[in-house]
Amino acid sequence: MLKGKTAIITGSNSGIGLGVAEELARAGASVVLNSFTDRAEDHQLAADLGARHGVAARYIAADMSKGAECRDLIAKAGACDILVNNAGIQFVAPIDAFPVEKWDMILAINLSSAFHTTAVALPLMRAKGWGRIVNIASAHGLTASPYKSAYIAAKHGVVGLSKTTALETAGQGITCNAICPGYVLTPLVEAQIPDQMKVHGMDRETVIREVMLLRQPSRQFATVEQIGGTTVYLCSPAADQVTGTTISVDGGWTAL
Ligand code: NAD
């Protein structure tokens, strides 16, 4: 379905970004993986993914906390039919104790990077009369929790940026939407389970149900494959008129 399309996925050498790249490649897209590191294993990851799906795949290092590198990523890729803004970090502290440098870094990586990549990708998409921008926001783009001020401000910002991008591209064959995942079982989240089991004296299933997924009514994690599948849907003809909206993949969190 996506044969002939080039997809750039920011922050994609692990977790959701890698899962999204996998599903886009499975659907036939050429993929560009990215993170801020430039290790042999990053390039190998892309080569293996490409070989698995019989598509072109490369890895381009670029630090999404730096505007110029965000813009360079799109320029270096040379084509950008599908842009998935996924790079993101988290830090937890009360507002009055929130380190300024952490605030600046979260806003830069989680929000401003999407502005920079979108600004460079849009002319390429307009030239082809087709483009898909998928911003990975969060349930925290629609609702709040204490101690995550920067993350929540950035993710609400991503939802707003997605709507504005949709309005500026409406009727041009380009769509822009935000996916709002609840808790997704990524390696990062998986790694927290043993600690949480110890702290709460609970077994794996109980700590997942009663502690980690307290706000997710399904009491089940979303998976990276589901976020990837939702991205593929947004790139499909069925979603040609789906633009400027959010799609929650959160087990009912935001219905509460
Ligand atoms: P992750 O830590 O596995 O992935 C983050 C990716 O961003 C990694 O590839 C990392 O290398 C990359 N990255 C970090 N800093 C970067 C930088 N400066 N430049 C380029 N790349 C950088 O985490 P994840 O859970 O897969 O998160 C991916 C996205 O999904 C984030 O935007 C996150 O906010 C969002 N999200 C995650 C969950 C969840 O439960 N895991 C829920 C909602 C939203």
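Everything discussed here concerns the structure shown above.
Residues numbered from 1 in each chain as written. Predicted model: local features only at pLDDT ≥ 70, side-chain atom pairs only at ≥ 80, totals over all residues. Heavy atoms only, no water.

This brings us to the packing of helix α6 (residues 187-200) against helix α7 (residues 204-212). Relative to each other, α6 and α7 sit at 95 degrees, their axes nearing to 9 Å. One way to sum up the angle between α6 and α7 is to call them roughly perpendicular. When α6 is examined against α7, the residues Val189, Glu190, Gln192, Ile193, Gln196, Met197 and His200 are found in contact with a partner set consisting of Arg204, Val207, Ile208, Val211 and Met212. (Axes fitted to C-alpha atoms, helices over the stretch in contact; angles between N-to-C directions. Helix = DSSP H or I, 4+ residues; strand = E, 2+ residues; numbered from the N terminus. Parallel < 35°, antiparallel > 145°, perpendicular 65-115°, else oblique. Contact = heavy atoms within 4.5 Å.)

This part takes up the pairing of strand β1 (residues 6-9). Neither face of β1 is open: one carries Thr6 and Ile8, the other Ala7 and Ile9, and all of them are buried. The sheet contact formed by β1 and strand β2 (residues 30-35) spans four bridges and is parallel. Across the sheet, residue Ile9 finds its bridge partner in β2, namely Leu33. In terms of handedness, the path from β1 via helix α1 (residues 15-26) over to β2 forms a crossover that is right-handed. Bridging between β1 and strand β4 (residues 82-85) involves three bridges; their strand directions are parallel. Looking across to β4, one finds that Ala7 is bridged to Ile82. (Buried < 20%, exposed > 50% of the residue type's maximum accessible area, 1.4 Å probe, protein only. Pairing = 2+ DSSP bridges. Right-handed = clockwise from strand over helix to strand, strands pointing away.)

The values reported here are purely geometric and, on their own, carry no functional implication.
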